[in-house]
Amino acid sequence: MASSRDKSVIAIYPGSFDPVTNGHLDLIARGAMIFDRLIVAVACNVEKEPLFDVKERIEIIEAVTFDWKNVEVDSFEGLLVDFARERSANVILRGIRAVSDYEYELQMAMMNRKIEPQIETVFMLPGEAYSYLSSRLVKELARFRGLPKGLVPPLVEERLKTKFR
Ligand code: PNS
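Fair warning: this is a prediction, and the values are worked out from it, not measured in the lab.

Peer 1: Can you walk me through the sheet that holds strand E1 (residues 10-15) in this structure?
Peer 2: Hydrogen bonds along the backbone pair up the strands of a sheet, which may run parallel or antiparallel. Taken together, the five strands give an open sheet; going across it, the order is E3-E2-E1-E4-E5, and neighbouring strands pair in parallel fashion. Pairing within the sheet leaves two strands with one partner each, and these edge strands are strand E3 (71-76) and strand E5 (120-124). Adjacent strand axes in the sheet meet at a mean angle of 30 degrees, parallel and antiparallel pairs treated alike. Judged from the five bridges that link them, strand E4 (residues 91-95) and E5 form a sheet pairing that is parallel. Bridging across to E5, valine 91 finds its partner in glutamate 120. Contacting E4 and E5, helix H4 (residues 99-115) crosses the sheet at an angle of about 170 degrees to E4.

What follows is the structure, encoded as structure tokens:
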């Protein structure tokens, strides 16, 4: 008899990833350890004026996650739960850095549950070194002053330098 543990757990890790940071990578590493497959899903059309276009964001994430064989990268338009269904995913993975993230994440998770009860949102905490890190702050620092070490992968650092040269 098949038990519910016999089915593989496919998780979607959605986000803007404009650009991907070491905080995102920390979460991907944690997700890749516990889920059978992890699909990093770049959301199209969330920000009106992204710094990196979707193709570039996918290319960067693919390069920096190359070593995780159960991680793949894709993009989606429209509702996240529709994409999750399309990809047969049963979990949405989101990171919570601080209490300030909680309210927005709760709202999103509850609404996603309302429209798609079969898909469970799972929250994970990134390492504390990344608890204050965001793509928005990374872009601001890179634009005006340059980035301190250790916040983004070297490839992202390079691409940011090119953008703001
Ligand atoms: O990295 P972000 O910007 O915090 O990611 C937010 C994202 C892309 C996960 C969220 O905006 C999203 O899921 N957008 C897709 C549209 C959608 O499904 N909206 C309904 C959520 S209840």
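Don't stop here, the text continues.
Peer 1: What should I look at first to understand the site of the ligand in this one?
Peer 2: The full set close to the ligand counts 14 residues, and Gly15, Ser16, Leu79, Leu80 and Arg94 are the nearest of them. In this structure, arginine 94 approaches the ligand through a side-chain N or O atom, which is 3.0 Å from an oxygen atom. Residue assignment for the shell around the ligand shows that the elements contributing at least two residues are E1 and H4. Here the element with the most residues in the shell around the ligand is H4; it accounts for four residues.

Peer 1: Looking at this structure, I do not really get the pairing of strand E2 (residues 37-43). What am I missing?
Peer 2: Residues in a regular strand project their side chains so that they alternate between the two faces of the sheet. In terms of burial, E2 is largely enclosed, as six of its seven residues are buried. Taken together, the six bridges between E1 and E2 define a ladder with parallel strand orientation. Across the sheet, residue alanine 11 finds its bridge partner in E2, namely leucine 38. The β-α-β motif built from E1, the intervening helix H1 (residues 22-34) and the parallel element E2 has right-handed crossover chirality. Taken together, E2, helix H2 (residues 54-64) and E3 constitute a β-α-β crossover, and its handedness is right-handed.

Peer 1: Would you explain the packing of aromatic side chains in this entry?
Peer 2: How two aromatic rings sit relative to each other is given by the distance of their centres and the angle of their planes. The full count for this structure, using the stated rule, is two aromatic pairs. Pairing tyrosine 13 with phenylalanine 17 gives two aromatic rings, centres 5.3 Å apart and planes at 75 degrees, and the pair type is edge-to-face. For tyrosine 13, a relative accessible area of 5% corresponds to the buried category. In this structure, lysine 69 is placed above the aromatic ring of phenylalanine 66, and the distance from its NZ or CZ to the ring centre is 4.1 Å.

Peer 1: For this particular structure, what's the right way to read the packing of H2 against helix H6 (residues 154-163)?
Peer 2: A pair of packed helices is captured by two measures, namely the crossing angle of their axes and the spacing between those axes. At a closest axis distance of 10 Å, the pairing of H2 and H6 adopts a crossing angle of 150 degrees. Between H2 and H6, the interaxial angle falls into the category roughly antiparallel. Contacts between H2 and H6 pair Glu56, Glu59, Ile60, Ala63 and Val64 from the former with Leu155, Val156, Arg159 and Lys163 from the latter. Here the residues of the contact of H2 with H6 sort into five nonpolar, no polar and four charged.

Cut-offs and rules
- Every chain's residues receive numbers from 1 upward, in the order its sequence appears when written.
- Local features are withheld for residues below a pLDDT of 70 in this predicted model, meaning they are given only at 70 or higher, and side-chain atom pairs are given and counted only at 80 or more; totals for whole chains, interfaces and linings count all residues.
- Computation of side-chain values: all heavy atoms of the structure, hydrogens and water removed.
- At least two DSSP bridges between two strands are required for those strands to pair.
- Under the scheme used here, helices are H or I runs from DSSP no shorter than 4 residues and strands are E runs no shorter than 2 residues, and both carry numbers assigned from the N terminus.
- Only the contacting stretch of a helix is used when fitting its axis, a line to C-alpha atoms as for every element, and angles between N-to-C directions run 0 to 180 degrees.
- Here a residue-residue contact requires only that any non-hydrogen atoms of the pair lie within 4.5 Å.
- Only a single heavy atom is needed: when it lies within 4 Å of a molecule or strand, its residue is near that molecule or strand.
- Pairing of N or O atoms within 3.5 Å defines a polar contact, subject to two protein rules: one partner must be a possible hydrogen donor and the other a possible acceptor, and residues neighboring in sequence count only if both atoms are side-chain atoms.
- Exposure is judged per residue with a 1.4 Å probe applied to protein chains only, and the accessible area is read against the type maximum: over 50% gives exposed, under 20% gives buried, and values in between give partly exposed.
- Seen with its strands pointing away from the viewer, a crossover is right-handed if its path from the first strand over the helix to the second goes clockwise.
- Any pair of Phe, Tyr and Trp rings, taking the six-membered ring for Trp, is counted once the centres come within 6.5 Å. Such a pair is stacked with planes under 30 degrees apart, edge-to-face with planes over 60 apart, and tilted for the rest.
- For a Lys NZ or an Arg CZ to count as sitting over a ring, it must be within 6 Å of the ring centre and within 35 degrees of the ring normal.
- To sort the angles, those under 35 degrees are grouped as roughly parallel, those over 145 as roughly antiparallel, those from 65 to 115 as roughly perpendicular, and the leftovers as oblique.
- Three classes are used: nonpolar for Ala, Val, Leu, Ile, Met, Phe, Trp, Tyr, Cys and Pro, charged for Asp, Glu, Lys and Arg, and polar for all others, with Gly counted as polar.

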